[in-house]
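Observations on chain architecture
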Amino acid sequence: MPRVRDTPMLRILMLSWEYPPVVHGGLGRHVAALAAALVELGHEVTVVAPGATGLNGTGLNGTALNGTGLNGTGLNGGPDADADARADSGMAHVTVLHPDPVDPIVPLAVGDLHGHVATLGAALARTALQAGNDAAAAGRPFDVLSAHDWVVAQAAVTVSTGLRLPLVATLHATEAGRHQGWLPGDLSRSIHATEGWLTAAATRTVVCSESMRRDVQRLFALSHDRVEVVPNGVDLARWPSGPAVSAREPLVVFAGRLEYEKGVQVLLRTVARLRRRVPGVRVVIAGTGTYEAELRTLATKLRLGRAVRFAGRLGDDGLADLYRSAAAVAVPSIYEPFGLVALEAAACGAPLVVTETGGLAEFADGGRTALAVAPDDVAALADGLTSVLLDPDLADKLATSAREAVDAHGWRSVAHRTAEIYAEVVAHPQATRFSPPLPPKDANLLR
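Here the residue numbers are simple positions, counted from 1 along each chain's written sequence. Local features in this predicted model are restricted to residues of pLDDT 70 or higher, and side-chain atom pairs are both shown and tallied only at a pLDDT of 80 or more, whereas totals for entire chains, interfaces and linings draw on every residue. Neither water nor hydrogens contribute to the side-chain values; these are computed over all heavy atoms in the structure.

**A closer look at the nonpolar core**
Counting residues in each nonpolar core, the largest one holds 107 residues, and the members touching the most others are M14 and Y323. Throughout this description, the term nonpolar core refers to a set of buried Ala, Val, Leu, Ile, Met, Phe, Trp, Tyr and Cys residues connected via side-chain atoms within 4.5 Å. Any residue under 20% of the maximum accessible area for its type is buried, any over 50% is exposed, and the rest in between are partly exposed; the area is computed with a 1.4 Å probe on protein chains only. Judged by nonpolar contacts, the second largest core, of 35 residues, contains A327, A330, L381 and A399.

Put into C-alpha cells, the structure is as follows:
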C-alpha cells in the first residue's frame, strides 16, 4: 500500500472508549474512519476499545449522562446499525482488540461514573499493555500511542509509561466548552481535571478546529506548539449528493444528539415563525439524547403538531436520504467544537444554516459555505432559515460552495496530517509531565 510521502511507516496503538460495532456517534465514527485511512496510507494500526458485550454489560448503551463527557461525542446512543457493514469493508486491515468480557468493570448503570471509568481504563490498559509486550517480543514494537478523549486518560497514561511510547491525545470536546465555560458541580470539575491531566501527559494534543485550539490552550495552560489542529473528515462516497435544491420540498432537518448544547430548543421555537413565512414547511429532528423528553414537551407546548417530527436514531443511510431531501439543514449548536453533521450534510448537497460558534463558524467561512447566525437566538435562526428556504439562488450557492469545501475533508487528507503529527512526536519525544492548573470555583473559564 502507498505510504504518506516523507512520513515513515508507523505502528500505531490507539485507545478509544467506543468503536464499531458499538458507536455512540462522532467519536467512534471518527476513530474508525481515521484508523482505516491510516492503514490505507501504509501504516499499521491496532485499536483497543470495549467490545459490544462489554459495553452492554456496563450500561453505556443509551445511558443518560447529560452534560458529561460520555455524552460529549455522539449522534445517538447505542450500537451503530451500519457499523458491521463498515467493519466488513473499509476496516478489514485494522487490528481491533477488546478486553476480556469477564474483566471486572463497574457497571455504569449503578451510577458510579468514576468507578466505571477507572475499571474500564484498567481493562483497556491491561489489553493494550499485553498487545505492546507481544509486539515488542515479535520485534515489531509500537511507535506511538494515540488516545481519544478523557474516558481513556487513565489507560493512556498507564500504557504510555509502561510501553515507553510517546502519547498523542485527541480531545473531541471539552467539559468547560459544553457548559459555555462553566463547570457546574463536582462531576464536571472532575472531568475537566482529567482532561487537563491527559493533555499534561501528552506530547501533543490534537483538536478539530482553531476555536477549540484556543480553548484548550487557555483551559490547560498549553503552549501553542503542543496543540495541533486536524479538522474532522468525511467519507464522500458514503454521503452522495442529492437532487438540486430547487427540486426539494421545504424541509428543515436537524441531526445530532438531543442535548441542550445542540440548540434544538432554539430550532423548535422558530417553527411558528417559519410556518407563517414558508407555506408547507416541515422540520425533522433525527437523534436521541438526554434532552429528548424536554424537547418533545416543548414541541407539544408550542402546539407544533405535524410540522415537527422526531425521527429517532438513524443510521448513515437513513441520514443521507434525509440530507438529500432537505431544503435546509440547521445546526443550531450553542457549543460545537467542529460539527461533523455539517460536513455530511454539505457532502449531500444540503444548504446549511449554522450558528457562529466554534468550528461551525470556521466552516461557514464568512457566509461562503453556510449561512451563519448568532447562537441561542430564535429570531436570527428563523431569519436565516427563511432566507435559505425562500431564496433558491442563495440556497444553491451555499450548497455548491459547501460541497466544494468538503472535498478538502476527505479521510485520506486527515490521516495524512495525523500521521505527520505522530511522526514528529516519534522523532522528537518530549518530557511533558507537569501539574495542570486547578480551575477556580464558580468562575467562567472561557471568558
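**Overview of the sheet that holds strand β13 (residues 371-373)**
Here, a strand pair is defined by DSSP locating no fewer than two bridges between the strands. In this description a helix means any DSSP run of H or I spanning at least four residues, a strand means any run of E spanning at least two, and both kinds are numbered starting from the N terminus. The sheet built from six strands is open, its strands ordered β10-β9-β8-β11-β12-β13 with parallel pairing. With one partner strand each, in any of the chains shown, β10 (308-312) and β13 form the two edges of the open sheet. Across the sheet, the mean angle from the axis of one strand to that of its neighbour is 25 degrees, orientation sign disregarded. Strand direction decides the pairing type here: strand β9 (residues 282-286) and β10, joined by four bridges, are parallel. Looking at β10, one finds that I285 is bridged to F310. Angles shown run from 0 to 180 degrees and are taken between the N-to-C directions of axes, each axis being a line fitted to C-alpha atoms and, for helices, limited to the stretch in contact.

**Let's talk about the packing of helix α9 (residues 264-277) against helix α14 (residues 378-390)**
Running from N to C, α9 and α14 point in directions that differ by 50 degrees, and their axes come no closer than 9 Å. Put simply, α9 runs oblique to α14. Both α9 and α14 take part in a crossing whose hand is right-handed. Of the residues in α14, those touching α9 at V266, L267, R269, T270, R273, L274 and R277 are V378, A379, L381, A382, D383, L385, T386 and L390. Gly is put with the polar residues, along with every residue not named as nonpolar or charged; the nonpolar set is Ala, Val, Leu, Ile, Met, Phe, Trp, Tyr, Cys and Pro, and the charged set is Asp, Glu, Lys and Arg. Of the residues assigned to the contact of α9 with α14, the class counts are nine nonpolar, two polar and four charged. Throughout this description, any angle smaller than 35 degrees is read as roughly parallel, any larger than 145 degrees as roughly antiparallel, any in the 65 to 115 degree range as roughly perpendicular, and the remainder as oblique. Put simply, a crossing is left-handed when the front helix is turned counterclockwise from the back one by less than a right angle, and right-handed when it is turned clockwise. In this description, contact between two residues means that some pair of their heavy atoms is separated by no more than 4.5 Å.

**Quick word on the packing of aromatic side chains**
Two rings from Phe, Tyr or Trp (for Trp, the six-membered ring) form a pair when their centres are within 6.5 Å of each other. A pair whose planes differ by under 30 degrees is stacked, one over 60 is edge-to-face, and the rest are tilted. For the coordinates displayed, the defined rule picks out two aromatic pairs. Ring geometry for W239 against Y323: centres 5.8 Å apart, planes inclined by 45 degrees, an arrangement best described as tilted. Of this pair, W239 sits in the loop between β7 (227-229) and β8 (251-255) while Y323 sits in helix α11 (residues 316-325), placing them 84 residues apart in sequence. What makes Y323 buried here is its relative accessible area of 0%. With a centroid separation of 5.8 Å and 80 degrees between ring planes, the pair formed by Y260 and Y291 is classed as edge-to-face. With Y260 in the loop between β8 and α9 and Y291 in the loop between β9 and α10 (292-301), this pair connects stretches of sequence that are 31 residues apart. Y260 sits in the partly exposed class, given a relative accessible area of 37%. Residue classification places Y291 among the buried residues on the basis of a relative accessible area of 17%.

**Some points on the pairing of strand β6 (residues 204-207)**
Side-chain alternation along β6 places R204 and V206 on one buried face and T205 and V207 on a second face that is also buried. Here β6 pairs with β7 via three bridges, running parallel. When the sheet's bridge partners are listed, V207 is paired in β7 with V229. If you view a crossover with the strands going away from you and the path from the first strand over the helix to the second runs clockwise, you call it right-handed. The handedness of the β6 to β7 crossover, carried by helix α8 (residues 210-220), is right-handed.

**With respect to the packing of helix α5 (residues 153-163) against helix α7 (residues 186-201)**
Packing of α5 against α7 brings their axes to within 10 Å, and their N-to-C directions diverge by 25 degrees. Taken together, α5 and α7 sit at an angle that is classed as roughly parallel. Two packed elements cross with a definite hand, and for α5 against α7 that hand is left-handed. Across the interface between the two elements, A153, Q154, A156 and V157 of α5 pack against T194, W197, L198 and A201 of α7. A class-by-class count of the residues in the contact of α5 with α7 yields six nonpolar, two polar and no charged.

**Considerations on the pattern of salt bridges**
By definition here, a salt bridge exists when the distance from a side-chain nitrogen of Lys or Arg to a carboxyl oxygen of Asp or Glu is within 4 Å. This structure, assessed with the given rule, holds 17 salt bridges. In this structure, E292 and R296 form a salt bridge, with 3.0 Å as the shortest nitrogen-oxygen distance. Here the residue E292 and the residue R296 both occupy positions in helix α10, the gap between them amounting to four residues, near one helical turn. According to the relative accessible area criterion, E292 is buried, its value standing at 17%. Since its relative accessible area comes to 39%, R296 is described here as partly exposed. The partner of R417 in a salt bridge is E424, with the nearest N and O atoms 3.7 Å apart. Among the charged side chains, a salt-bridge network with shared partners connects R204, E228, R417, E420 and E424.

**What to know about helix α4 (residues 113-137)**
Turn by turn, an α-helix covers 3.6 residues, leaving residues three or four places apart pointing in a common direction. The end-to-end C-alpha separation of α4 is 36 Å, in line with the 36 Å expected for 25 residues at 1.5 Å each. Positive backbone phi, approximately 80 degrees, marks G139, located one or two places after α4. Given a helix with a known number of residues, its expected span is that number minus one, times 1.5 Å.

**A word on the sheet that holds β7**
With parallel pairing, the seven strands of this open sheet are ordered in space as β3-β2-β1-β4-β5-β6-β7. Two strands in the sheet have a free side with no partner beyond their single neighbour: β3 (95-97) and β7. Pairwise comparison of adjacent strand axes, ignoring direction, gives a mean angle of 25 degrees for this sheet. As judged from the five bridges shared by strand β1 (residues 11-15) and strand β2 (residues 44-48), these two strands associate in the parallel manner. When the sheet's bridge partners are listed, I12 is paired in β2 with V45.

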